[in-house]
Amino acid sequence: MRAEAQKRQYSERTLQQVRLDSVRALAKVRFCPDTSEIVRLQCVDDRAESENNFGNQLWYFEGRGVDEGHHRQDIFGVVEYQVQFGLLELVEDGVFDTPQERERFRCLYDREVSRPSWGHPAHRLLIAGVIAVAAATLIALTLRNLLA
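Residues numbered from 1 in each chain as written. Predicted model: local features only at pLDDT ≥ 70, side-chain atom pairs only at ≥ 80, totals over all residues. Heavy atoms only, no water.

Caption draft 1: Geometry of the nonpolar core. Grouped together as the largest cluster of nonpolar side chains are 13 residues, with contacts concentrated most on Leu26, Trp59, Phe61, Ile75 and Val95. Among all residues touching isoleucine 75, those that are not within four sequence positions of it are Leu26, Phe31, Phe61, Glu62, Gly63, Arg64, Gly65, Val95 and Phe96. By size, the runner-up hydrophobic cluster in this structure holds seven residues, among which are Val44, Tyr60, Val78 and Phe105. (Core = buried A, V, L, I, M, F, W, Y, C linked by side-chain atoms within 4.5 Å. Buried < 20%, exposed > 50% of the residue type's maximum accessible area, 1.4 Å probe, protein only. Contact = heavy atoms within 4.5 Å.)

The following block contains the structure:
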């Protein structure tokens, strides 16, 4: 969890929006929004927007879901936002049975949000391969023109 997300205070309006989107996520998986309750909200990732990139926020929520058969169940959910010009735009939400399932979503989120680096060994290998193929093609074309 990033330290900035832990220490930052969020406005009541932001918390209200996250709570509303969390209840919508519950309704999408057929939990009753009126009898289910969200017990805890927590921002686990808050990446500020910059001149070149939009920001991201990832919120976890926990609570008790009540389905159509009035069965109560612990729920663990996630709501992902993109921050565009200071406004939160809902990207994805999900409700899971266990915290471990929710963490698998977090792994996908981290891979999606983090920018690839040209310093990564696989990227260097790709660049070297492209250069080698281009050089081999140029040499083959040059030899073909000289011998023809």
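Caption draft 2: Region of interest: a nonpolar patch on the surface. A cluster of nonpolar residues, Ile139, Leu143, Leu146 and Leu147, forms a patch on the protein surface that exposes about 480 Å² of accessible area. If you trace the backbone, leucine 147 turns up in helix H4 (residues 121-147). Leucine 147 gets classed as exposed once you look at its relative accessible area, which sits at 75%. (Patch = residues over 30% accessible without salt bridge, like charges linked within 9 Å, V, L, I, M, F, W, Y side chains within 5 Å. Areas by Shrake-Rupley, 256 points an atom, 1.4 Å probe, with all protein chains shown as cover. Salt bridge = Lys/Arg side-chain N within 4 Å of Asp/Glu carboxyl O. Helix = DSSP H or I, 4+ residues; strand = E, 2+ residues; numbered from the N terminus.)

Caption draft 3: Layout of the environment of leucine 20. By the secondary structure assignment, leucine 20 is in helix H2 (residues 12-28). Assessed through its relative accessible area of 39%, leucine 20 is described here as partly exposed. C-alpha of leucine 20 to C-alpha of isoleucine 38: the two residues are 18 residues apart in sequence and 9.7 Å apart in space.

Caption draft 4: Region of the structure containing the packing of aromatic side chains. Using the criterion set out here, one finds three aromatic pairs in the structure. Ring centres of phenylalanine 54 and phenylalanine 85 lie 5.8 Å apart, and the angle between their planes is 80 degrees; this geometry places the pair in the edge-to-face category. With phenylalanine 54 in the loop between strand S1 (37-47) and strand S2 (55-66) and phenylalanine 85 in the loop between strand S3 (72-84) and strand S4 (87-96), this residue pair connects regions lying 31 residues apart in the sequence. Owing to a relative accessible area of 36%, phenylalanine 54 belongs among the partly exposed residues under this scheme. Where phenylalanine 96 meets phenylalanine 105, the ring centres are 6.2 Å apart and the plane angle is 45 degrees; that geometry is what we call tilted. When sorted by exposure, phenylalanine 96 lands in the same class as phenylalanine 105, which is buried. Residue placement shows arginine 102 over the ring face of tyrosine 60; its charged tip is 4.0 Å from the ring centre. (Phe/Tyr/Trp six-rings, centres within 6.5 Å; stacked < 30°, edge-to-face > 60°. Lys NZ or Arg CZ within 6 Å of the ring centre and 35° of its normal.)

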